[in-house]
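Analysis of the macromolecular model
Here is how the chains run, residue by residue.
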Amino acid sequence: MSQSTSNFAYAMPASITDTVSLLSQASSNGVRCQVLAGGTDLLVQLRSVDPDPRTIVDIKSVPEVSRVEVSNSERGVFIGGAVSAATMTHHEGLKAILPGLVEAAYLIGSTQIQGRATLVGNLCNASPAGDTIPALITNQAVCEIHGPRGARSLPVEDFVVGVQKNALEAGEFVVGVRMPHPSARTADAYLRFIPRTEMDIAVASAGVSVTLDDAGVCSAARVAIGAVAPTALLVPDAADALVGSTLDEASLAAAGRACTAASSPISDKRGTAAYRRKVVAVLCERAAASAAERARAR
Amino acid sequence: MAKTHVSTCINGQDAEFLCSPEQTLLEVLRDTLHLTGTKEGCATGDCGACSVLLDGTLVCACLMLAAEAEGHDVTTIEGIASGNDLHPLQQKFLDHAALQCGVCTPGFIVASKALLDEDPDPDEESIRYWLAGNLCRCTGYDKIVRAVQDAAAELRS
Ligand SMILES: Cc1cc2nc3c(=O)[nH]c(=O)nc-3n(C[C@H](O)[C@H](O)[C@H](O)COP(=O)(O)OP(=O)(O)OC[C@H]3O[C@@H](n4cnc5c(N)ncnc54)[C@H](O)[C@@H]3O)c2cc1C
Ligand code: FES
Ligand code: FES
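Criteria and thresholds
Residues numbered from 1 in each chain as written. Chains lettered and ligands numbered in written order. Predicted model: local features only at pLDDT ≥ 70, side-chain atom pairs only at ≥ 80, totals over all residues. Heavy atoms only, no water. Helix = DSSP H or I, 4+ residues; strand = E, 2+ residues; numbered from the N terminus. Rg over C-alpha atoms; globule rule 2.2 N^0.38 Å. Buried < 20%, exposed > 50% of the residue type's maximum accessible area, 1.4 Å probe, protein only. Areas by Shrake-Rupley, 256 points an atom, 1.4 Å probe, with all protein chains shown as cover. Lys, Arg positive; Asp, Glu negative; His and termini not counted. Charge placed at Lys NZ, Arg CZ, Asp CG, Glu CD. Contact = heavy atoms within 4.5 Å. Buried area = accessible area lost by both parts, 1.4 Å probe. Salt bridge = Lys/Arg side-chain N within 4 Å of Asp/Glu carboxyl O. Polar contact = N/O pair within 3.5 Å; in protein donor to acceptor, adjacent residues only side chain to side chain. Nonpolar A, V, L, I, M, F, W, Y, C, P; charged D, E, K, R; others polar. Pairing = 2+ DSSP bridges. Near = heavy atom within 4 Å. Domains from an automatic or database assignment.

Details of the overall build of chain B
The number of helices and strands found in chain B is five helices and five strands. Each helix and strand of chain B, placed in order from N terminus to C terminus, yields the pattern β-β-α-β-β-β-α-α-α-α. In terms of overall dimensions, chain B is globule-like: its C-alpha atoms have a radius of gyration of 15 Å, near the 15 Å expected for 157 residues. Dimensions of chain B along its principal axes, counting C-alpha atoms only, are 50 × 30 × 25 Å. Taking all 157 residues of chain B together, 51% fall into the buried category. Counting only carbon and sulfur atoms, one obtains 46% of the accessible surface of chain B, whose full area is about 6,900 Å². Computed over 10 positive and 24 negative side-chain charges, the inter-centroid distance for chain B is 9 Å.

Put into structure tokens, the structure is as follows:
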């Protein structure tokens, strides 16, 4: 499509190949091009901080991006780039095995926002407070990226590289995220703190996934924190504090301290840095306790 | 500038319109199709005044491009009543005086309809969470919650 740089255009490619060629062509012609999923970040930014014309590439007609796959095989769980928070919160299969990830999606905005907002859009937007990012990291999610040089995958913790910056290169987009199907006795939880009960963004957040052995001892764990650093962070020290324990109070507290140590928050109207450091520990402890309870029940 | 041609179904009737690529569904509903029941409060997804149903899912018309409506079903507040018969939600909002200026009302009614389509018997907490994205600056929320509960009861009977 030929478009001068000063015009808006809307395109709705029907395949991964067409999407990549649209995005690559635009970038080699110096035309600004942006992927549209649910639009809940894109349209707000278009109306405020970023009004410049561009070609908007709506990926929702690409069949692969609408897919949710839940498989016990090595294919694991796949959530496509057009899958909305509302779709996730209505998906019994996902809720049963990834309650923490679904919880994170359910926390996004209002019912209206959840009707459009996608999981992958939340990730690509790369806000430090993006709710699903810590939950994706705890579940070892990997981005499946397609671009002019073919397909590649990148773990979520390496995909987000800065405040509102992701690792996509020109012509690339995220088809979806894939993560292992949690084994029996594995469960996740995600918690955030906001000053009100709904419609606000996280002051601090924590996602935890734990695996228990037959004796109830934690054999594997992942902990990730949000809104307390420029990007969501995987906190291996917190996971180490949990592994080998029965997830008793002392080990939860140690994991919390590791989260505080890993964080480098800012102070803003939602909370001071000192407050965020403290709250992130509490959230980690509570999320770990909740994940442990779910793992015991699985 | 090139306009996009869009075919949709709005309130049960086929509708076609031309829009520019960056126009929102809210702008087209109000300014092109003159369906002005859907309101603009914030244009940034915060107030819910622009609530519509897209294939039955509750969304903000201000956060959708009009072009994205291609091939989809849109229900606006104009599609809630049956002819001259008000929907129970509309009647109960009147009975409970659940509106003052009324700017938020279309959004509340459309959002409540989506709730009752999914859960015919929601408790007060579910109603308040579901409607957390709908802001009212004059009535207060209690009367609105009562109206929704009462409409739900009538629809169940
Ligand atoms: C009122 C309101 C409340 C909100 N509350 C919350 C909240 O509580 N917590 C929270 O985390 N977020 C919140 N958000 C932000 C938001 O809804 C999310 O970030 C949303 O998940 C983004 O998904 P989307 O599909 O709407 O993305 P879009 O707006 O379509 O895209 C977001 C960005 O990612 C890019 N992108 C999207 N998909 C892809 C892809 N597949 N490949 C490459 N790039 C892509 C786009 O180009 C764009 O830059 C809120 C937003 C609003 C308006
Ligand atoms: S006008 Fe759409 S949410 Fe306020
Ligand atoms: S009645 Fe005026 S905003 Fe609700």
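Topic: the interface of chain B and chain A
Facing the 29 residues of chain B at the interface are 25 residues of chain A. For the chain B face of the interface with chain A, the top three residues by lost area are Leu63, Glu68 and Tyr129 of chain B, together amounting to 25%. At the surface where chain B touches chain A, the tally comes to three salt bridges. Between Lys60 of chain A and Glu68 of chain B there is a salt bridge, with its nearest N and O atoms 2.5 Å apart. Scanning the region where chain B abuts chain A turns up seven residue pairs in polar contact (both at pLDDT 80 or more). When residues of the side of chain B that touches chain A are traced back to their parent elements, those giving at least two are strand 3 (51-54), strand 4 (57-60), helix 3 (105-118) and helix 4 (124-130) of chain B. Broken down by element, the side of chain B that touches chain A gets its largest block of residues, four residues, from strand 4 of chain B. Among the residues making up the side of chain B that touches chain A, the classes are represented as 16 nonpolar, eight polar and five charged.

Let's talk about the sheet that holds strand 13 (residues 218-226) of chain A
Residue and element names in this part refer to chain A. One open sheet accounts for four strands, arranged 11-12-13-14; its pairing is antiparallel. One side of each edge strand has no neighbouring strand; the edge strands of this open sheet are strand 11 (186-193) and strand 14 (233-234). Pairing geometry for strand 12 (residues 204-212) and strand 13, over eight bridges, is antiparallel. If you follow Leu212 over to strand 13, its bridge partner there is Cys218.

Focus: the site of ligand 1
Close to ligand 1 lie 35 residues, the nearest being Val35, Gly38, Thr40, Asp41 and Thr118 of chain A. Mapping the residues adjacent to ligand 1 onto the chains of the assembly identifies chains A and B. Separating an oxygen atom of ligand 1 from a backbone N or O atom of Leu107 of chain A is a distance of 3.3 Å. Taking 990 Å² as the accessible area of ligand 1 by itself, protein coverage stands at 91%. If you list the elements that add at least two residues to the shell around ligand 1, you get strand 2 (33-36), helix 2 (42-47), helix 7 (119-125) and strand 10 (173-179) of chain A. Here the element with the most residues in the shell around ligand 1 is helix 7 of chain A; it accounts for five residues. Along the lines of polarity and charge, the residues of the shell around ligand 1 split into 18 nonpolar, 12 polar and five charged.

Quick word on the domain arrangement of chain B
Residue and element names in this part refer to chain B. Along its sequence, chain B is organised into domain 1 (4-79) and domain 2 (88-156). Centre-to-centre separation of domain 1 and domain 2, based on C-alpha positions: 21 Å. Each side of the interface is counted separately: domain 1 has 12 residues, and domain 2 has 12 residues. At the boundary of domain 1 with domain 2, total buried surface from both sides reaches about 980 Å², with 69% on carbon and sulfur atoms. Of all residues in domain 1, Leu53, Leu58 and Ile77 give up the largest surface area on contact with domain 2, accounting jointly for 43% of the area buried on that side. At the boundary of domain 1 and domain 2, one finds three residue pairs in polar contact (both at pLDDT 80 or more). It is strand 3 that contributes the most residues to the side of domain 1 that touches domain 2, three residues altogether. Here the side of domain 1 that touches domain 2 is built from residues that sort into six nonpolar, four polar and two charged.

Some details on the domain arrangement of chain A
Residue and element names in this part refer to chain A. Segmentation of chain A into domains returns domain 1 (9-58), domain 2 (63-179) and domain 3 (186-296). Placing the centre of domain 1 and that of domain 2 at their C-alpha centroids yields a distance of 19 Å. Taken together, the 13 residues of domain 1 in the interface contact 18 residues of domain 2. Taken over both partners, the interface formed by domain 1 and domain 2 buries close to 1,100 Å², and the fraction arising from carbon and sulfur atoms is 67%. On the domain 1 side of the contact with domain 2, Ile16, Val20 and Thr40 bury the most area, a combined 41% of that side's loss. Our count for the domain 1 to domain 2 interface comes out at zero salt bridges. Put simply, domain 1 and domain 2 have two residue pairs in polar contact (both at pLDDT 80 or more) between them. The element that contributes the greatest number of residues to the side of domain 1 that touches domain 2 is helix 1 (residues 16-28), accounting for six residues. Here the side of domain 1 that touches domain 2 is built from residues that sort into six nonpolar, six polar and one charged.

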